[in-house]
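The primary structure of each chain is shown beneath.
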Amino acid sequence: MLNGYVKQTSNSDSLDLGWDRDITVMEELGSHTNARVHVGADHKVRTVVGWTDLFGGSATTISACRAEWHGTAGILLCGGNSGVRILANEGEAGDGNAHLTPGWGMPVMWIEAEDDLVGFDHVEA
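Here is a short report on the structure shown in this document. (Residues numbered from 1 in each chain as written. Predicted model: local features only at pLDDT ≥ 70, side-chain atom pairs only at ≥ 80, totals over all residues. Heavy atoms only, no water.)

**Overview of the packing of aromatic side chains**
Piece 1. Counted by the stated rule, this structure contains 1 aromatic pair.
Piece 2. Between Trp 69 and Trp 110, the aromatic rings sit 5.2 Å apart at their centres with planes inclined by 80°, giving edge-to-face as the arrangement. With Trp 69 in strand S4 (residues 62-69) and Trp 110 in strand S8 (residues 108-111), the pair connects residues that are 41 residues apart, well separated along the chain.
Piece 3. According to the relative accessible area criterion, Trp 69 is buried, its value standing at 19%.
Piece 4. One cation-aromatic arrangement involves Arg 85 over Trp 51; the distance from NZ or CZ to the ring centre is 5.7 Å. (Phe/Tyr/Trp six-rings, centres within 6.5 Å; stacked < 30°, edge-to-face > 60°. Helix = DSSP H or I, 4+ residues; strand = E, 2+ residues; numbered from the N terminus. Buried < 20%, exposed > 50% of the residue type's maximum accessible area, 1.4 Å probe, protein only. Lys NZ or Arg CZ within 6 Å of the ring centre and 35° of its normal.)

Here it is in structure tokens:
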């Protein structure tokens, strides 16, 4: 069973308690320093990290699982208590939150096309 909580911060909106009731975890893919994912209309590979509001906001590990959400199979990426952050590539401005690492925040990331997940870095013990 998956239990998730994300609070509203400058990184992302919150998720209401119980958002995860419709998720069936099929396979745990572990906890990682980051994931590399094809993102956006330009389909660029970007790094996705977990995000916490501790110490003014910082990267934390990201957890992944193969799951089914509302009848659709995919990969769910979950981060810290402030969600996940897609890090901007060099030369990209991101969402404009000057006090955060350039990028875009969201509560969780759902990846429907498994080949959009390029891979993980530094698997945590």
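**So, the pattern of salt bridges**
Piece 1. Under the counting rule described, the total for this entry stands at 7 salt bridges.
Piece 2. When the shortest N-O distance is used, the salt bridge between Arg 36 and Asp 121 registers 2.6 Å. Placement of the pair is Arg 36 in strand S1 (residues 23-39) and Asp 121 in strand S9 (residues 117-123), with a sequence separation of 85 residues.
Piece 3. Exposure remark for Arg 36: the relative accessible area of 24% places this residue in the partly exposed category.
Piece 4. Between Arg 46 and Asp 42 there is a salt bridge; the shortest N-O distance is 3.1 Å.
Piece 5. Judged by relative accessible area, which is 44%, Asp 42 ranks as partly exposed.
Piece 6. In this structure, a network of salt bridges that share partners links the residues Asp 42, Lys 44, Arg 46 and Glu 92. (Salt bridge = Lys/Arg side-chain N within 4 Å of Asp/Glu carboxyl O.)

**Re the nonpolar core**
Piece 1. Val 37, Val 48, Ile 75, Leu 77, Met 109 and Ile 111 are the most contacted members of the largest nonpolar core, which has 14 residues in total.
Piece 2. Looking at this core, the elements that each hand over two or more residues are S1, S4, strand S5 (72-78), strand S6 (84-87) and S8.
Piece 3. A total of 4 residues in this core trace back to one element, the largest contributor, which is S1.
Piece 4. Residues Cys 65, Ala 67, Leu 76 and Val 108 belong to the second largest nonpolar core, which totals 7 residues. (Core = buried A, V, L, I, M, F, W, Y, C linked by side-chain atoms within 4.5 Å.)

**As for unusual backbone geometry**
Piece 1. Phi is positive for His 43, which is not a glycine, with a value near 60°.
Piece 2. Along the chain, His 43 turns up in the loop between S1 and strand S2 (44-52).
Piece 3. We classify His 43 as partly exposed; its relative accessible area is 41%.
Piece 4. The phi dihedral of His 70 falls on the positive side, at around 55°, and the residue is not glycine.
Piece 5. Looking at where His 70 falls in the secondary structure, it is placed in the loop between S4 and S5.

**What to know about the pairing of S2**
Piece 1. Direction of pairing for S1 relative to S2: antiparallel, over a ladder of 5 bridges. Looking across to S2, one finds that His 38 is bridged to Val 45.
Piece 2. Linking S1 to S2, which pair antiparallel, is a turn of 4 residues; within it Gly 40 sits at a positive phi near 85°.
Piece 3. Pairing of S2 with S6, which is carried by 3 bridges, proceeds in the antiparallel orientation. Bridge pairing in S6 links Gly 50 to Val 84. (Pairing = 2+ DSSP bridges.)

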